[in-house]
Amino acid sequence: ALHAERIPYLVLCGTPNSRLVDLVVDPSEYLSAKGRLRVNAQYYITKALIPPMERLFNLLGADIRRWYLEMPRSYLAPASI
């Protein structure tokens, strides 16, 4: 990879306490797995969606992060990599 080059990747679900680097795959690997791998939605929600929403909704006094943490959840068994 060249300096400042963007490298496409997806973060997948894994076992608890897995290192982030161990959960990352190339998008083509994900597509070729034909549904056997699961994208880590929790990662993308907390790292990509909540921060900009927080900046917006904090202006209105809403705590998006707390709202998200208090939401009821259903958990699926982790998919193996």
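To start, this report covers the structure provided alongside it.

Attention now moves to the pattern of salt bridges. Taken as a whole and judged by the stated rule, the model has three salt bridges. The salt bridge involving Asp-22 is made with Arg-19; its shortest N-O contact spans 3.0 Å. When its relative accessible area of 41% is taken as the criterion, Asp-22 is described as partly exposed. Across the pair Arg-66 and Glu-70 runs a salt bridge whose closest N-O atoms are separated by 3.7 Å. In this pair, Arg-66 and Glu-70 both sit in helix H3 (residues 64-70), four residues apart, roughly one turn of the helix. By relative accessible area, Glu-70 is classed as exposed at 57%.

Conventions adopted
- Residues numbered from 1 in each chain as written.
- Predicted model: local features only at pLDDT ≥ 70, side-chain atom pairs only at ≥ 80, totals over all residues.
- Heavy atoms only, no water.
- Salt bridge = Lys/Arg side-chain N within 4 Å of Asp/Glu carboxyl O.
- Buried < 20%, exposed > 50% of the residue type's maximum accessible area, 1.4 Å probe, protein only.
- Helix = DSSP H or I, 4+ residues; strand = E, 2+ residues; numbered from the N terminus.

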